[in-house]
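Report on the structure
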Amino acid sequence: MDRNHLKFKSKRGVENMLGYYPGCTVRAQKDDGFERESMAILNFFGVYAHELSQWECCGAVYPLTEDEYVPLLSSVRALQKTKEENRQGLLTLCSACYHVLKRVNYRMKNDKEAKKRVGSYLQFEYEGDTKVYHLIEALRDFIGLDKLREKTVSPLSEEKIACYYGCLFLRPKEEMGLLDPENPQLMEEIVKALGAEPVKFPYSTDCCGSYHAYQKEGISQNISERIVKSAKKVGATQIVTACPLCKHNLEDCQKKWDERDKLPINYITVPIVQALGGLEELEKEEFQNQIAN
């Protein structure tokens, strides 16, 4: 069974094809289960994507200098490759990749000078017209919360889940355009569909300290501890996120804590898989679907 060879079917029943952009962090950390669980969930609901035949690191951070265009090139190549391979959009799992791809796409659409310079480098003109999707967007737009609720076989009624977005999903609002950066609710709605209780805590959209973890450890340590302690204070039994770096920082800040004081940090896929019956059941159903098709 080829997990990279995937198709995408919209909720209207019209078959589309999505490109899939793994990104280096998700692909390098395949053993943590995020990619496998994500694809199993999407495939279970008949949502499929196809890994781009060529892709490079997005650069990990969006370039902030206005007159530097080289850092835009790898993302533009991926966005253009999506069109060349006749995909209807580009799916990514990592919120950092999503942030970079989305902002580069926005810039190519709205910055004539950037479009001209990048086109000169790459010898093709890209219009900024590839739709970029994140996993939670696909769950909302092409599966739907009602379907997620309907397929839940093990409701998570004992779980109180703190949904941690971090900063990359949401800001800048005009360029990202996914959710309200002050009051995002999509992961909470997903959690509710699984039968769990989403708990509100004040730092759900704050930065975890990001790459300061590798430069000035104390900065990220203090910020991440504040986030975890805030979630614990309101009774959370786990924190869920969709960002590999956020997951690392929120786990790492607890490494010296007593085991009984630690709070599990999971990808959003973990409670979804659990509620749907477990990974083996999802992949068995996926295999049956592929045979039927």
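It should be noted that the structure appears before, not after, this text.
Residues numbered from 1 in each chain as written. Predicted model: local features only at pLDDT ≥ 70, side-chain atom pairs only at ≥ 80, totals over all residues. Heavy atoms only, no water.

**Thoughts on unusual backbone geometry**
The line we're drawing: Numbering goes from the N terminus for both helices and strands, where a helix is a DSSP run of H or I of at least four residues and a strand is a run of E of at least two.
For the peptide bond that leads from arginine 171 to proline 172, omega is -5 degrees, which places it in the cis range. For proline 172, the position within the fold is in the loop between strand S7 (160–163) and helix H8 (173–176). The backbone phi angle of alanine 60 is positive, close to 75 degrees, even though this residue is not glycine. With respect to the helices and strands, alanine 60 occurs in the loop between strand S4 (49–51) and helix H3 (73–84). Of note in this structure, glutamine 123 is not a glycine but carries a positive phi near 65 degrees. By secondary structure assignment, the location of glutamine 123 is in the loop between helix H5 (112–122) and strand S6 (132–134).

**Here we look at the packing of aromatic side chains**
This is how the line gets drawn: By convention, a stacked pair of Phe, Tyr or Trp rings (six-membered ring in the case of Trp) has centres within 6.5 Å and planes under 30 degrees apart, an edge-to-face pair has planes over 60 apart, and any other such pair is tilted. The rule is simple: take the accessible area with a 1.4 Å probe, protein chains only, and divide by the maximum for that residue type; under 20% is buried, over 50% is exposed, in between is partly exposed. In this analysis the charged atom, NZ for Lys or CZ for Arg, is taken to sit over a ring once it is within 6 Å of the ring centre and within 35 degrees of the ring normal.
Evaluation of the coordinates by the stated rule reveals 5 aromatic pairs. Measuring from ring centre to ring centre gives 5.2 Å for tyrosine 133 and phenylalanine 142, while their planes differ by 70 degrees; the resulting arrangement is edge-to-face. Residue phenylalanine 142 is classed as buried on the basis of its relative accessible area, which comes to 17%. One Lys or Arg, lysine 131, reaches over the ring of tyrosine 133 and ends 5.3 Å from the middle of that ring. The residue whose ring lies beneath lysine 247 is tyrosine 267, and the NZ or CZ to ring-centre distance is 5.2 Å.

**Observations concerning the sheet that holds strand S10 (residues 265–267)**
Rules: Here a strand pair is declared whenever DSSP counts at least two bridges between the two strands. Every axis in this analysis is a line fitted to C-alpha atoms, fitted for helices over the stretch in contact. Angles between the N-to-C directions lie between 0 and 180 degrees.
Across the sheet, which stays open at both edges, the 4 strands sit in the order S8-S7-S9-S10 with parallel pairing between neighbours. With one partner strand each, in any of the chains shown, strand S8 (197–199) and S10 form the two edges of the open sheet. With direction set aside, neighbouring strand axes in the sheet form an average angle of 40 degrees. The pairing of S7 with strand S9 (residues 238–241) spans 3 bridges and is parallel. Within S9, the residue paired with cysteine 163 across the bridge is valine 240.

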